[in-house]
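Descriptive analysis of the structure
If you want the building blocks of each chain, they are given just below.
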Amino acid sequence: MGLLDILLGRTKPVAPDLDQLFALPAAAVTLEAAAGFTPTGSGAVCFATVEGAAFEQTHREVQALLDADTDRTGPPVELRQDDYGYSWLVSERTPDQLPQLVNDLHAVNSSMEVNGFGPQLLCSLAAFRDDSEHRLALVYLYKRGTFYPFAPLPGTSQRRDNALELRVKATLTNDLRIEQDLSRWFPVWGAPGL
């Protein structure tokens, strides 16, 4: 950053740090102890849809890599489109396989990045539930290198449990790099696994 950038208030964007994803299993232990939320085994990577042979080849390679995992007992990795036009590569594991799910999410992000599709990556998420069937996702913002909680309220309306999100933020501050700018806590309505 130069002097002109400092004077004009411009900041350098934070570089993505995919290794932050590996903090999720430890954070899950804290989340269960403090709030009663446990992993569902569902996770996904969201990206802007890209047309073209290069992207299709990358998608097929990632899907083949993840489906080749001999420990995978659930459904194969699946590509889904949401109502907003974004693509989600969804991985389903058993609830006790959060480390393997994190490996899946990391592999998808890394493959997309290595093949030049990093700018299309938006976020990754791991889903959680409590005994009352409240849903929660820990969302990793690729371009910020940070996490935030997303807690949709039960029912069909698009409303969030902001109080729960703030409690989870406070609970996980020492476990995850939490996004401090609350305006970046985007709702991920219709995200797979929620």
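For clarity, every value in this text was computed on a predicted model and none was experimentally measured.

Sheet topology note: the strand β2 (residues 78-81)/strand β3 (residues 86-92) ladder contains four bridges and is antiparallel. The residue of β3 that forms the bridge with Leu79 is Leu89. Between β2 and β3, which pair antiparallel one after the other, the connecting turn spans four residues, and Gly85 there sits at a positive phi close to 90 degrees.

Glancing now at the pairing of strand β5 (residues 135-141). Within β5, seven of the seven residues are buried, which leaves the element mostly enclosed by the surrounding structure. Every second residue of β5 is oriented toward a common face, with Arg135, Ala137, Val139 and Leu141 on one face and Leu136, Leu138 and Tyr140 on the other, all of them buried. Summarising the sheet, strand β4 (residues 121-129) and β5 pair through seven bridges and their orientation is antiparallel. Residue pairing for β5: Ala126 is matched across the bridge by Leu138. What sits between β4 and β5 in their antiparallel hairpin is a turn of five residues, with Glu133 showing a positive phi close to 65 degrees. Alignment of β5 against strand β6 (residues 146-150), held across five bridges, turns out to be antiparallel. Within β6, the position partnered with Ala137 by the bridge is Phe150. The hairpin turn running from β5 into β6, its antiparallel successor, is four residues long, and Gly145 in that turn takes a positive phi close to 70 degrees.

Moving on, we get to the packing of aromatic side chains. Evaluated as defined, the whole model comprises three aromatic pairs. Centroid distance Tyr148 to Trp185: 6.0 Å. Interplanar angle 20 degrees. Geometry classified as stacked. Taken as a pair, Tyr148 in strand β6 and Trp185 in the segment after α5 (162-172) lie far apart in primary sequence, 37 residues in all. The class of Trp185 is buried, set by a relative accessible area of 6%. Look at Phe150 and Trp189: their rings are 5.2 Å apart centre to centre, the planes differ by 75 degrees, and that puts the pair in the edge-to-face class. Placement of the pair is Phe150 in strand β6 and Trp189 in the segment after α5, with a sequence separation of 39 residues. Here the two residues Phe150 and Trp189 agree in accessibility, since each one is buried.

To continue, consider the environment of Ser124. Within the secondary structure, Ser124 is located in strand β4. Residue Ser124 is classed as buried on the basis of its relative accessible area of 1%. Not counting residues up to four positions away in its chain, the partners in contact with Ser124 are Leu21, Ala44, Val45, Asn109, Leu138, Val139 and Tyr140.

Here we come to the nonpolar core. In this structure, Trp88, Phe128 and Val188 are the most contacted members of the largest nonpolar core, which totals 54 residues. Per-element accounting of this core gives the leading share, seven residues, to helix α4 (residues 98-114). Each residue touching Val188, except ones within four places of it in the same chain, is listed here: Trp88, Cys123, Leu125, Val139, Tyr148, Phe150 and Leu194.

So, how was this worked out
- Residues numbered from 1 in each chain as written.
- Predicted model: local features only at pLDDT ≥ 70, side-chain atom pairs only at ≥ 80, totals over all residues.
- Heavy atoms only, no water.
- Pairing = 2+ DSSP bridges.
- Helix = DSSP H or I, 4+ residues; strand = E, 2+ residues; numbered from the N terminus.
- Buried < 20%, exposed > 50% of the residue type's maximum accessible area, 1.4 Å probe, protein only.
- Phe/Tyr/Trp six-rings, centres within 6.5 Å; stacked < 30°, edge-to-face > 60°.
- Contact = heavy atoms within 4.5 Å.
- Core = buried A, V, L, I, M, F, W, Y, C linked by side-chain atoms within 4.5 Å.

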